[in-house]
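# Structural characterization, general
Each chain, letter by letter, is given below.
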Amino acid sequence: MAKLILSLEGSVIRELPLDKERVTIGRKAQNDIQIENLAVSSEHACIVTILNDSFLEDLGSTNGTLVNGNPIKKHILQNNDLIEIGKYKLKFVNDGPVATQTTVEDFERTMVLRAPSAAPRPAPPPAAPPVAEAKPAPAAVTTPKPAPAPTPAPAMAAASPPPPLAPAAAAQQAFIQIMSGPGVGKELPLTKSLTTLGKPGVQVAVITKRPQGYFITHVEGANFPVLNGRTLDNQAHVLGDHNMIEIAGVKMEFFFKK
């Protein structure tokens, strides 16, 4: 697990594990990492951790955020990076394997979708009707004819959570199809472990490929992505076949190709 080592004038104050997907840093008490110093803004910066990648973002602070002596707005953290906020320093430590070869350019430009300047054109009909995922039949229907006493055992197996099926979904090739705006109809393959969607400075989200499947997580912007008509929160949300997503005014469909 990645962590931060907080220090002041060379003296280590404490170690802070990055045990949440989104960790905020600031002067106010509601921040995950509170630094009580007037040089630190109320909500100064945040770190979003997805798989083994961590993204640092300055939240419009008054005095700015430095990484290795350079001012940043957004930065993909590397092991031993030194973050400076006011007089405080936070050393980023992550000894785990790197999940992707994501670069700053990827974070800013990979599959960035521009919001339409005019009213979006109506979405074209999908090439094929949505394919419903097969669901395991209830144990009561598949009960053997003799109906022996241990019948409840299959029922418990049927009621168990679905993770065993998820790796199969993660192994399929996933795509995003643009449903509105200038790029309507375009299909974008999700070939990376982490893919950035949105418009920097307005709204950005990432789709990550995990062993359990594909997940979407909000990264930047006051407005959160919309999934199947419901506004998301800061947590990662699993994506299903033919889910509808809206980011930065652009509607798109997530789907698998068999």
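Calculation criteria
Residues numbered from 1 in each chain as written. Predicted model: local features only at pLDDT ≥ 70, side-chain atom pairs only at ≥ 80, totals over all residues. Heavy atoms only, no water. pLDDT = per-residue confidence, 0-100. Helix = DSSP H or I, 4+ residues; strand = E, 2+ residues; numbered from the N terminus. Contact = heavy atoms within 4.5 Å. Pairing = 2+ DSSP bridges. Buried < 20%, exposed > 50% of the residue type's maximum accessible area, 1.4 Å probe, protein only. Axes fitted to C-alpha atoms, helices over the stretch in contact; angles between N-to-C directions.

## Digging into the confidence of the model for the protein chain
Here the protein chain averages 76 in pLDDT, and 70% of its residues register 70 or above. Of all secondary-structure elements in the protein chain, the lowest mean pLDDT belongs to helix H1 (residues 104–109), at 40, while strand S10 (residues 82–85) reaches the highest, 95. Taken as a whole, residues 98–120 scores under 50 in pLDDT and shows 57 contacts with residues more than four places along the chain or in a different chain. Every residue in residues 152–167 is under pLDDT 50, and counting partners more than four places away or in other chains gives seven contacts.

## Digging into the sheet that holds strand S21 (residues 250–257)
Strand order in the open sheet made by the six strands is S13-S12-S21-S20-S17-S18, with antiparallel pairing throughout. The open sheet has two free edges, formed respectively by strand S13 (187–189) and strand S18 (230–231), since each of these has just one partner strand. Pairing analysis gives two bridges linking strand S17 (residues 226–227) to strand S20 (residues 243–247), with the strands arranged antiparallel. Looking across to S20, one finds that leucine 227 is bridged to isoleucine 245.

## Some thoughts on the pairing of strand S15 (residues 203–210)
Most of S15 sits inside the fold, with seven of its eight residues counted as buried. Two strands pair when backbone bridges link them, and strand S14 (residues 194–199) and S15 are joined in this way by six bridges, in the antiparallel orientation. Considered in S15, the bridge of threonine 195 is made with isoleucine 207. Linking two consecutive strands that pair antiparallel, namely S15 and strand S16 (residues 213–220), is a turn of two residues.

## Quick word on the sheet that holds strand S8 (residues 70–72)
Across the sheet, six strands lie side by side as S2-S1-S11-S10-S7-S8; this open sheet has antiparallel pairing. The sheet is open, and its two edges are formed by strand S2 (11–17) and S8, each paired on a single side. Looking at each pair of strands side by side, their axes are set apart by 30° on average, direction ignored. The pairing of S10 with strand S11 (residues 88–93) spans four bridges and is classified as antiparallel. Looking at S11, one finds that isoleucine 85 is bridged to tyrosine 88.

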